[in-house]
Amino acid sequence: MREELKRIEADALAELSAVTNSADLEELRIKFFGRKGLLSTVMRGMGTLTDAERPVIGKLANEVRQHLTNAFEEVGERLNRQDREKQLAAEAIDITLPGRRPQLGKKHPITQTIDHIQQIFGGMGFQVADGPEIEHEYYNFDALNTPVDHPARDLQDTLYITDEVLLRTHTSPVQVRFMEKHKPPIRIIVPGKAYRLDYDVSHTPTFHQVEGLLVDQHVTFSELKGVLQSFARQMFGDQTAMRFRPHFFPFTEPSAEVDISCTVCSGKGCRTCSGTGWLEILGAGAVDPNVFEYANYSPNEVTGFAFGMGVERIASISYGIPDIRALYENDLRFLRQF
Ligand code: PHE
């Protein structure tokens, strides 16, 4: 039995030295240490030994077992280390490679334009207000002094939801809504969406406006001119000229359409301004006394002015966009230019 133990020990060590991976090591462990393994088989033979031999062989058997256990452990550790190194090498990241730049999103040109307009009027003390896009015809028309037979109420222009509820055709209804809730003096701008049945190079069914309303005692038309002149110069440049053309809006009296000198030809006349030298940018006027009545303000105590501009129009002038429908096509090649 002594020889057998010695042989098992030598065989195990020899086979161990040839092991190259954890799976083979485990197989070998079972071959020698398993319940039916070589060592166990020998140990089961202990019963046949004499009383004198048993302690001697027992001691030897323990020594062999201990020796082999240590040897297996050592090899196991070495293989684990190897596996880890292999894994680390496989997962290595080359930090010298150039990085991939993530694509950053940015604000849509319409939003950029609204931000800019807001910033300019903010500098003149205007606060931002808003109101619903789904509007009652009372606020969109009646309270703005727009009679039932006015062409603006026509189904051809206005998107109705029911007989009395519609998608607002302008941001002006917020004038009355705001005056109902606040006492004068007020000074607001209202950026927002509006809707009209219209579609061509300069119109989309959904579009944006910025409304302005200033109400106080003794407000005059010249203050309207001053505010708009200041806006135009900040928005389009110091050299921008401005002109008021008489016009009609039901909710302002007197009313005007306001043009700026063409930003392309500086007023000489070109294709952009159809040879006129001027570009229309907004509608404006002194608040009609009837509108004050609807809002429960006394027309004898306050005066004011209002204006409304199309954001797409302002954006197309600032950026030189010939067809404003491009603003809604979400073509990244177009949008990345802003
Ligand atoms: N609401 C008018 C429009 O949409 C613009 C406007 C606003 C005109 C305020 C005068 C005063 O055309």
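Our structure's up above, just so we're on the same page.
Thresholds, definitions, all that
Within every chain, residues take consecutive numbers counted from 1 along the sequence as written. Where totals are concerned, whole chains, interfaces and linings use all residues; where local detail is concerned, this predicted model gives features only for residues with pLDDT of at least 70, and gives and counts side-chain atom pairs only at 80 or more. Side-chain metrics in this entry use all non-hydrogen atoms of the structure; hydrogen atoms and water are not considered. Helix and strand definitions follow DSSP, with helices as H or I runs of at least four residues and strands as E runs of at least two, each counted in order from the N terminus. Residue contacts are defined here by distance: any two heavy atoms, one from each residue, within 4.5 Å place the two residues in contact. By convention in this text, a residue qualifies as near a molecule or strand provided that one of its non-hydrogen atoms is within 4 Å of it. Side-chain atoms alone can form a polar contact between residues adjacent in sequence; in general such a contact is a pair of N or O atoms within 3.5 Å, and within protein one must be able to donate a hydrogen while the other accepts it. For accessible areas, the Shrake-Rupley method is used with a probe of radius 1.4 Å. Any residue's cover is judged against the shown protein chains and nothing else. Polar here means any residue other than Ala, Val, Leu, Ile, Met, Phe, Trp, Tyr, Cys and Pro, which are nonpolar, and Asp, Glu, Lys and Arg, which are charged; Gly is therefore polar. Axes here refer to lines fitted to C-alpha atoms; in helices the fit is confined to the stretch in contact. Angles between the N-to-C directions go from 0 to 180 degrees. We call two directions roughly parallel when the angle between them is under 35 degrees, roughly antiparallel when it is over 145, roughly perpendicular when it lies between 65 and 115, and oblique otherwise. In this scheme the crossing of two helices becomes right-handed for a clockwise turn of the near helix relative to the far one and left-handed for an anticlockwise turn of less than a right angle. Each residue gets one of three labels from its accessible area relative to the maximum for its type: buried under 20%, exposed over 50%, partly exposed in between, using a 1.4 Å probe on protein chains only.

*Asks:* Explain the side chain of Ser-40 residue by residue, including any values.
*Replies:* For Ser-40, the location among the structural elements is in helix H3 (residues 38-44). Once you skip the residues sitting within four places of it in the chain, Ser-40 turns out to touch Phe-32, Phe-33, Gly-34 and Arg-35.

*Asks:* Give me the lowdown on the site of the ligand, citing residues and values where you can.
*Replies:* Around the ligand, 14 residues are found, and the nearest of them are His-170, Ser-172, Arg-196, Gln-209 and Gly-308. With respect to the ligand, the side chain of His-170 contributes an N or O atom lying 3.0 Å from a nitrogen atom. Within the side chain of Arg-196, an N or O atom sits 2.9 Å from an oxygen atom of the ligand. For the ligand, the protein covers 90% of the area, taking 320 Å² as the surface of the free molecule. For the shell around the ligand, the elements supplying multiple residues, two or more each, are strand E5 (206-216), strand E8 (278-287) and strand E9 (303-310). Counting residues per element, the shell around the ligand draws most heavily on E9, which supplies 3 residues. The class makeup of the residues in the shell around the ligand is 5 nonpolar, 7 polar and 2 charged.

*Asks:* Residues and numbers for the packing of helix H5 (residues 109-123) against helix H8 (residues 221-236), please.
*Replies:* At their nearest, the axes of H5 and H8 sit 10 Å apart, and the two run at 135° to each other. Comparing their axes, H8 and H5 come out oblique. Between H5 and H8 the crossing geometry is right-handed. Where H5 approaches H8, its residues Thr-113, His-116, Ile-117, Ile-120 and Phe-121 are matched on the opposing element by Val-227, Phe-231, Gln-234 and Met-235.

*Asks:* Please set out unusual backbone geometry residue by residue, giving values where relevant.
*Replies:* The residue after Pro-184, namely Pro-185, is reached through a cis peptide bond having omega 5°. The residue Pro-185 is located in the loop between helix H7 (173-181) and strand E4 (186-195) in this model. Residue Glu-253 is joined to Pro-254 through a cis peptide bond whose omega torsion reads -5°. Relative to the elements of secondary structure, Pro-254 occurs in strand E7 (residues 252-261). A positive phi angle, close to 65°, is found at Asn-145, a residue other than glycine. Residue placement: Asn-145 occurs in the loop between helix H6 (137-140) and strand E3 (165-167). Looking at Asn-145, the relative accessible area reads 23%, which means it is partly exposed. You will see that Asn-296, though not glycine, has its phi angle at about 65°, which is positive. Looking at where Asn-296 falls in the secondary structure, it is placed in the loop between helix H9 (289-294) and E9. Residue classification places Asn-296 among the exposed residues on the basis of a relative accessible area of 72%.

Take it as geometry only, folks, not as evidence of what the structure does.
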